[in-house]
Amino acid sequence: MSIRHGLLALLEHGPRYGSQLRTEFESRTGATWPLNVGQVYTTLNRLERDGMVAQGGEDDAGHALYVITDAGRTELKSWFATPVDRSSPPRDELAIKLAMAVGAPGVDIRAVIQSQRHHTVKAMQDYTRLKAQALATIENEGSQERDDVAWLLVLEQLIFQTEAEARWLDHCEVRLIRLAAAAGRGADREAEQTTAASLLGTPASSASSRGPAGPASPEARSGSARARPAPPT
């Protein structure tokens with residue numbers, strides 16, 4: 001999450017002080033990614049160091065105001081114009097958890113998947129209810145406030161994200177079932193080869209490498225006959 005660019009976007013609308021920026025950021029995103037005042041002021045200090053914001057006096061209550069500079073506007077314009085990089089995805093705790101659960105002793109990975117699916121579906125339902133409320137505010141009350149529209153977009157992103165996660169969990173479960181079934185079929189084939197080898201009195205690997213026994217070819221039979229020594233006269 002780019003806090004610095006979010007703060008620059010808010011400062012583009014005019015001078016702001018730290019706690020005001022925090023309140024507006026959370027209002028715009030529905031407090032989905034809450035900030036604390038310390039984060040805001042740390043980021044503002046770095047932006048000021050980089051020449052992207054400057055202190056702009058105080059308001060009537062004595063709050064120190066910050067304003068965006070030309071360098072900050074250039075950075076903000078570049079941020080909006082540049083696609084978000086997906087080539088280096090952030091760490092995903094769920095993906096890491098499932099990867100570590102594969103083959104872990106004492107861990108039922110299907111139980112992990114089912115538990116997560118229950119939580120994910122519930123979250124999706126909660127987001128869907130919030131979306132209905134947001135739409136009602138916009139459509140029924142005719143609200144076109146930036147914060148209301150922004151919150152609706154964030155909610156819809158969260159809904160799509162949880163839908164995709166639920167589908168992925170379904171896929172993981174099906175994949176594990178198929179792999180387990182394939183492993184079972186392989187074990188059955190190995191058991192059959194071992195049984196056949198024991199009946200023939202040969203090692204299983206030898207029996208499987210030779211393939212099924214069958215009648216010798218005429219060439220083989222004639223070759224064997226030629227190889228026998230002639231009886232004594």
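Residues numbered from 1 in each chain as written. Predicted model: local features only at pLDDT ≥ 70, side-chain atom pairs only at ≥ 80, totals over all residues. Heavy atoms only, no water.

### A closer look at the side chain of Thr120
Now for step 1: With respect to the secondary-structure elements, Thr120 resides in helix H6 (residues 109–140).
Now for step 2: Among all residues touching Thr120, those that are not within four sequence positions of it are Thr162, Glu165, Ala166 and Leu169. (Helix = DSSP H or I, 4+ residues; strand = E, 2+ residues; numbered from the N terminus. Contact = heavy atoms within 4.5 Å.)

### Let's talk about the nonpolar core
Now for step 1: Counting 16 residues, the largest nonpolar core has Leu7, Leu8, Leu11, Leu21, Val40, Leu44 and Val53 as the members making the most contacts within it.
Now for step 2: For this core, the elements supplying multiple residues, two or more each, are helix H1 (3–11), helix H2 (18–29), helix H3 (37–49) and strand S2 (64–68).
Now for step 3: Per-element accounting of this core gives the leading share, five residues, to H1.
Now for step 4: Beyond its immediate sequence surroundings of up to four residues, Leu8 is in contact with Leu47, Met52, Val53, Ile68, Gly72, Glu75 and Leu76.
Now for step 5: The next biggest cluster of nonpolar side chains, apart from the first, holds seven residues, and it includes Leu94, Leu98, Ile109 and Cys172. (Core = buried A, V, L, I, M, F, W, Y, C linked by side-chain atoms within 4.5 Å. Buried < 20%, exposed > 50% of the residue type's maximum accessible area, 1.4 Å probe, protein only.)

### A few points about H2
Note that an α-helix has 3.6 residues per turn; residues three or four places apart therefore point the same way.
Now for step 1: Taking 1.5 Å of rise per residue, the twelve residues of H2 would be expected to cover 16 Å, and the 17 Å separating its terminal C-alpha atoms lies within 8% of that figure.
Now for step 2: Within the sequence span of H2, burial applies to Gly18, Leu21, Phe25, Glu26 and Thr29. Down the axis, H2 shows its buried residues gathered within 125 degrees of arc, on one side only.
Now for step 3: Just past H2, the residue Gly30 takes up positive phi, approximately 65 degrees. (Expected span 1.5 Å × (residues − 1). Arc of directions from axis to C-beta.)

### As for the confidence of the model for the protein
Detailed reading of the predicted model is not advised wherever pLDDT is low.
Now for step 1: Looking at the protein, the pLDDT average stands at 85 and 79% of residues meet or exceed 70.
Now for step 2: Contacts for the low-pLDDT stretch residues 223–227, under 50 throughout, to residues beyond four places or in other chains number zero contacts. (pLDDT = per-residue confidence, 0-100.)

### Comments concerning H3
Now for step 1: Spanning 13 residues, H3 covers 18 Å between terminal C-alpha atoms, matching the ideal 18 Å at 1.5 Å per step.
Now for step 2: Turning to H3, its buried residues are Val40, Thr43, Leu44 and Leu47. Around the axis of H3, the buried residues are gathered within 105 degrees of arc, so they sit on the same side.
Now for step 3: The inward-facing, buried residues of H3 abut H1, H2, strand S1 (53–58) and S2.
Now for step 4: Where H3 begins, the capping side chain belongs to Asn36, and its oxygen is found 3.1 Å from the backbone nitrogen of Gly38. (Polar contact = N/O pair within 3.5 Å; in protein donor to acceptor, adjacent residues only side chain to side chain.)

### Comments concerning the pattern of salt bridges
Now for step 1: Taken as a whole, this structure holds twelve salt bridges when the rule is applied.
Now for step 2: With its nearest N and O atoms 2.9 Å apart, the salt bridge here joins Glu24 to Arg16.
Now for step 3: By relative accessible area, Arg16 is classed as buried at 12%.
Now for step 4: Several salt bridges converge on common partners, so that one network encompasses Arg110, Arg117, Asp170 and Glu173. (Salt bridge = Lys/Arg side-chain N within 4 Å of Asp/Glu carboxyl O.)

### Here's the deal with the packing of aromatic side chains
Now for step 1: This model, assessed by the stated rule, comprises one aromatic pair.
Now for step 2: Here Trp79 and Phe80 contribute two aromatic rings whose centre-to-centre distance is 5.1 Å and whose plane-to-plane angle is 40 degrees, an arrangement assigned as tilted.
Now for step 3: You can call Trp79 partly exposed: its relative accessible area is 34%. (Phe/Tyr/Trp six-rings, centres within 6.5 Å; stacked < 30°, edge-to-face > 60°.)

### Points about unusual backbone geometry
A negative phi holds for most residues other than glycine; trans holds for most peptide bonds.
Now for step 1: We note that Ala31 has phi near 55 degrees; this positive angle belongs to a residue other than glycine.
Now for step 2: The residue Ala31 is located in the loop between H2 and H3 in this model.

### As for the environment of Ser2
Now for step 1: In this structure, Ser2 sits in the segment before H1.
Now for step 2: What makes Ser2 partly exposed here is its relative accessible area of 27%.
Now for step 3: The spacing of Ser2 and Trp79 is 77 residues in sequence and 9.7 Å in space, taken between C-alpha atoms.

### Points about the pairing of S2
Now for step 1: Two elements, S1 and S2, share four bridges in a ladder whose sense is antiparallel. When the bridges of S2 are listed, Glu58 appears paired with Ala64.
Now for step 2: Hairpin geometry of S1 and S2 is characterised by an intervening segment of five residues between the two adjacent antiparallel strands and by a positive phi of about 90 degrees at Gly62. (Pairing = 2+ DSSP bridges.)

### Digging into the packing of H1 against H2
Now for step 1: Look at H1 against H2: their axes get within 10 Å of each other, and the N-to-C directions meet at 100 degrees. When the axis of H1 is compared with that of H2, the two are roughly perpendicular. Of the residues in H2, those touching H1 at Gly6, Leu7, Leu10 and Leu11 are Leu21, Glu24, Phe25 and Arg28. (Axes fitted to C-alpha atoms, helices over the stretch in contact; angles between N-to-C directions. Parallel < 35°, antiparallel > 145°, perpendicular 65-115°, else oblique.)

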